[in-house]
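Chains, contacts and geometry: an overview
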Amino acid sequence: MKRLILAAGLLASAAAALPPGPPPGPPPPYQMRGEAPAGDRLKPGGDGKLLFQVHCGYCHLAGGMGTNLLTKQRMMMGETPDKGLLANRTDLTADYVKSVVRMGKGAMPAQTKVDVTDAELDAVSKYLGKAG
C-alpha cells in the first residue's frame, strides 16, 4: 500500500512539473495539412498537391510514418533522404500510385473510394506520377 501511495505521489509531482498547454513550437508538417476543398468530391480536375496533402499528408509529409519508413528504405538503396518524400520522387507512375493506394503496400492499408474518391485519386496520381 505504501508503494502505491508513493507511486501516486511521484506521478502527481511529475505531472505538476509539466508546463500547461501544448508543447512550444510549431506542429510537425504532417499535422499542418491543408483543409479539404469544399464541393463535389466526385468532380474531376482537383488540385493534386492539395488533395495529396489532405488525404495522404498525415503519413506522407515530412515527419509522417510513411515518409520515415520510405526514407529508411530509399537510403538502404543508396538514395538521398529527400527521396523518402513522395513529392520528391521521379520514378513513380500514375498507374503505380493508383495501385498502391487502392491495394495498399507494406504498412499502408488500402484506401477505399470513400477515403479517396476516384476523381481525387486521379488528381493525386497525376501530381505524384512524374515518371509518365
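Treat the numbers as computed from the prediction; the structure is a model and nothing was measured.

Considerations on the confidence of the model for the protein chain
On average, residues of the protein chain carry a pLDDT of 87, and 83% of them reach 70 or more. When pLDDT is averaged over each element of the protein chain, helix 4 (residues 94–103) comes out on top at 98 and helix 1 (residues 2–17) at the bottom at 58.

Focus: the nonpolar core
Counting residues in hydrophobic clusters, the biggest one holds 15 residues, and the most contacted among them are Phe52, Leu86, Val97, Val124 and Leu128. Secondary-structure elements contributing two or more residues to this core are helix 2 (48–60), helix 4 and helix 5 (118–128). A total of four residues in this core trace back to one element, the largest contributor, which is helix 5. Ignoring any residue separated from it by four or fewer positions in sequence, one finds leucine 128 in contact with Phe52, Leu86, Ala87, Arg89, Leu92 and Val97.

Points about the packing of aromatic side chains
According to the stated counting rule, one finds one aromatic pair in the structure shown. On the numbers, 5.8 Å between centres and 45° between planes, the contact of phenylalanine 52 with tyrosine 127 is tilted. With phenylalanine 52 in helix 2 and tyrosine 127 in helix 5, this residue pair connects regions lying 75 residues apart in the sequence. A cation over a ring is seen here: lysine 130 above tyrosine 127, with NZ or CZ 5.3 Å from the ring centre.

How each quantity is defined
Residues numbered from 1 in each chain as written. Predicted model: local features only at pLDDT ≥ 70, side-chain atom pairs only at ≥ 80, totals over all residues. Heavy atoms only, no water. pLDDT = per-residue confidence, 0-100. Helix = DSSP H or I, 4+ residues; strand = E, 2+ residues; numbered from the N terminus. Core = buried A, V, L, I, M, F, W, Y, C linked by side-chain atoms within 4.5 Å. Buried < 20%, exposed > 50% of the residue type's maximum accessible area, 1.4 Å probe, protein only. Contact = heavy atoms within 4.5 Å. Phe/Tyr/Trp six-rings, centres within 6.5 Å; stacked < 30°, edge-to-face > 60°. Lys NZ or Arg CZ within 6 Å of the ring centre and 35° of its normal.

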